[in-house]
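Examination of the molecular architecture
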Amino acid sequence: MAEPLSVRTTRDVLQRPGVMYCICTAKSAGATDARDFVIREHSEAVATIWGRPGVDLTGMRVGELDDLLPAKAPRWVPIFGAVTAGENEYRFEYLSTTASRRYGVTVWSPEPGVITVVFSEKPEPDRESQRYRIAAESMGLGIWEYDFATDTMVWNDRTYELFNREHTEGPFPFHVWQEMVLARDSLARDGEDTPFYETVPVILPDGRFRYMTSAAVTLRDVRHRPVRVIGALRDVTERTLAEEALEEATSRARELAAQAQEANRAKSEFLANMSHEIRTPMNAVIGMADLLNDTPLSEEQAQMVDTIDRSGNALLSLINDILDFSKVEAGHLRLEEVDFAIPEIIADVVAILRPQIAENEVTIDFAVDDSVPPAVVGDPGRLRQILMNLGSNAVKFTKRGSVRFTASAVPLNDAEHIEIQGSVEDTGIGIPADKMIGIFDPFLQAEAGTTRRFGGTGLGLSIVRSLLQKMGGDVTVTSTEGHGSTFTWTARFGVSTAEQKSVETSQRDSAEPAAHGGPGTVRPVAAARPAVVARRILLVEDNRINQLVARTMLTKASHTVQVAENGFEALQMLQTETFDLVLMDVQMPEMDGYEATRQVRAGIAGAAAATMPIVAMTANALPEDRDAAREAGMDDYISKPFTQVRLLGVVEKWAGTAVEEPAPPATALPTDNAPDGENLIAVREYVDADRLRKRLMHDEPLTREIVREYIKDGTALVREIREAISSADVATVREAAHRLNGASGNVLAERVREVSSEIENAVRESHHPAFPEIGERLAAVFSRTCQIMRQEFGDPSDG
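I will try to describe carefully the structure that is included in this document. (Residues numbered from 1 in each chain as written. Predicted model: local features only at pLDDT ≥ 70, side-chain atom pairs only at ≥ 80, totals over all residues. Heavy atoms only, no water.)

1. What about the packing of helix α10 (residues 342-353) against helix α11 (residues 380-396)?
It is at 10 Å that the axes of α10 and α11 come closest, and there the two elements cross at 40 degrees. The pairing of α10 with α11 is recorded here as oblique in orientation. Judged by the twist between their axes, the crossing of α10 over α11 is right-handed. Contact with α10, carried on its side by Ile 342, Ile 345, Ile 346, Asp 348, Val 349, Ile 352 and Leu 353, involves Pro 380, Leu 383, Arg 384, Leu 387, Met 388, Gly 391, Ser 392 and Val 395 of α11 and no other residues of that element. Of the residues belonging to the contact of α10 with α11, the class tally is 11 nonpolar, two polar and two charged. (Axes fitted to C-alpha atoms, helices over the stretch in contact; angles between N-to-C directions. Helix = DSSP H or I, 4+ residues; strand = E, 2+ residues; numbered from the N terminus. Parallel < 35°, antiparallel > 145°, perpendicular 65-115°, else oblique. Left-handed = near helix turned anticlockwise from the far one by under 90°. Contact = heavy atoms within 4.5 Å. Nonpolar A, V, L, I, M, F, W, Y, C, P; charged D, E, K, R; others polar.)

2. Section: the environment of Glu 723
Mapping Glu 723 onto the fold places it in helix α22 (residues 700-726). The class of Glu 723 is partly exposed, set by a relative accessible area of 48%. Between the alpha carbons of Glu 723 and Gly 775 there is a distance of 9.4 Å; along the sequence they are 52 residues apart. (Buried < 20%, exposed > 50% of the residue type's maximum accessible area, 1.4 Å probe, protein only.)

3. Side note on the sheet that holds strand β23 (residues 636-639)
One key point about sheets: their strands pair by backbone hydrogen bonds, in either a parallel or an antiparallel sense. The strand order β20-β19-β21-β22-β23 describes an open sheet built from five strands, whose pairing is parallel. Sheet topology places β20 (560-564) and β23 at the edges, where each strand pairs with a single neighbour. On average, each strand axis in the sheet is inclined to that of its neighbour by 25 degrees, with strand direction left out of account. The sheet contact formed by strand β21 (residues 581-584) and strand β22 (residues 614-618) spans three bridges and is parallel. By the bridge assignment, Val 582 is partnered in β22 with Ile 614. (Pairing = 2+ DSSP bridges.)

4. Here we look at unusual backbone geometry
Positive phi, normally seen in glycine, also occurs at Glu 590, with a value near 70 degrees. One non-glycine residue, Ala 728, lies in positive phi territory at about 60 degrees. Note on placement: Ala 728 falls in the loop between α22 and α23 (730-746). The exposure class of Ala 728 is exposed, given its relative accessible area of 58%.

5. A word on the packing of aromatic side chains
The final tally for this structure, using the stated rule, is 10 aromatic pairs. Ring centres of Trp 76 and Phe 119 lie 5.8 Å apart, and the angle between their planes is 65 degrees; on these two criteria the pair is classed as edge-to-face. In this pair, Trp 76 is assigned in the loop between α3 (62-68) and α4 (77-84) and Phe 119 in strand β5 (residues 114-122), connecting sequence segments 43 residues apart. With 5.9 Å between their ring centres and 55 degrees between their planes, Tyr 710 and Phe 782 make a pair best called tilted. Of the two residues, Tyr 710 sits in helix α22 while Phe 782 sits in helix α25 (residues 771-793), which places them 72 residues apart along the sequence. Accessibility assignment for this pair places Tyr 710 and Phe 782 in one class, buried. An aromatic cluster of at least three residues, connected via ring pairs, comprises Trp 50, Trp 76, Tyr 103 and Phe 119. (Phe/Tyr/Trp six-rings, centres within 6.5 Å; stacked < 30°, edge-to-face > 60°.)

6. Some remarks on the pairing of strand β19 (residues 536-540)
In terms of residue burial, β19 counts as a mostly covered element, since four of its five residues are buried. Sheet analysis places β19 next to β20, joined by five bridges and oriented parallel. Looking at the pairing, Leu 538 lines up with Gln 562 of β20. One ladder, built from four bridges, connects β19 with β21; its direction is parallel. Within β21, the residue paired with Leu 539 across the bridge is Leu 583.

Rendered as structure tokens:
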């Protein structure tokens, strides 16, 4: 490594060939003022560099030299001052004031009172500077250079054009740049890391405002000190203004999106409130019609009540369509993921539609291909809604002939999913060819007269398509006017591992015209409801009409009902009285149902009330309302309007109201008919069918309905428990096991009740390592219980 110049012998340097030098000495030994240094000796070339060719500068003070140099030339007094102040060596680059040549300059003090200046001509720019210049000029860019030592700048011709200034020979002071560039710190004068790139605002001499993009690099000496900055300029005013406009537009778009999101939220809240406000009077209409139907009526009165009931349910269907359409538009539609049997859904829909064809010469049947698996994973409620929409249209527009449902599986190269293709075919009025386009658009029907003749919102088919597309499928239609229509649908479902029994579906109903409701078929008399044990029920409801409806339904079934008009009153009553069940409205003054339930669960009303069954009873109909009820600690959810059968079913589920009294002897399950050869005692360990029949007063339709609901709900709970075990979600394990325990006790599924109780105990005792084994055992026991239930009571979907 070379020694610093400060310790080298001055004479050794100056004796080198071609060296251009200047030696200056202080006028007195202790002089510190740089202006007092006198030129004692210099080479001829130095006079030329300083703009005094052929002049002998010996004896001239440095201060006088600065006075003789042009104003744009660098000043030497500050440089000498830096060296005398202790900077033993100072290097920089210097541009000649006459020849515009660049020199490397080294200034040092070999001994006190002596300063030596050595010039070395640099005929070409350094490699980095040259490469940068060539690249910039080839693109027609303006080029500028800033010299740290002289605080001056040099521009090329293009830079002068960009700044709209007259061309100046040689360097000019840096302040000229600063006067035009609004960003005063836009140049790396402090030696920041480079290269750097920035866009700076500029004011031109004529007052115009422009944006310039400057890309630059800083060149440094051997000590990494900044020497020069070389940059390139481009006028980017139009682009910058466009970017600012785009940024403003983007910001506005974000603002509009936020407003739209807020509007969607407001719309959802409005729909929830609208649903509540409309369903409240609808609850009175449908509920009172249901109660009135149980009283002695003349034939004319029965027809009037039937009209009220049908009209009320038709209006409720319209409300549901509007809510579903709004949820689809807002992107709030959610699908469940539970195990269910597609044949059962189709059978249910057909059973519901049969009464609607009672007065027409129409048969209705269905066929499910063997390729459809016994169970799939998806949203059974939404599939039922799809088929009900398609089936209702088929029945509505068909006065004679047939309506037929079909379903088959389509092979997929996906082991985790299966595609189902189904159809609803009718022999009705058909759709004109010119009306087929847009048939799935919202608020559109085949003709204006259709609305007047058949009613409807025109939303049904739009909702069907949206639901199927969300399920990974779609719907198409073929039709001939006067000869009927066929709607073909597809949807994807998950492959289920749950053990489910398929509904026997091949060509069913074709030989049973009387069962389908042929001409002249009368409406069947409702099955007698089972006798019940009187229970004490707290009804928390602020609407007087709803109080009357629910209270009448419950008292007619021998229950005792106390009414609280808000959550605050309910808490007070629970502290002093004991109830078997709480039916809790959600939207109430002073304290709503959610908050009241949270306080009950927290023990505010006492330890006994903290575990009491609480069922949400509300007119809200959105999925998030069910989630909110569950999160608040409610055990179940019944939406308004409801019928007496539905309300009493909820009470039975959570308060155990069925009478267990002697009944006519039931046919025992023979030992040789027990599932898989098990004896009768072993079968009863899973399900005590005789006791369940007695509990339900031997009402077979009701028994089959309860068994179906238990299998459906239990399947979801078992899956929820196993998933929660896998994710170590202990709270969910406990809650689901508790719910399954209670449901299993209601249907006398003793083995499932025992295992679910075991899971609850394991949670209570923090015996978590046993969870996986118990979870697998629960799945096996539940599967076996379902099999025995179907064997004993018949497939529930056949009712």
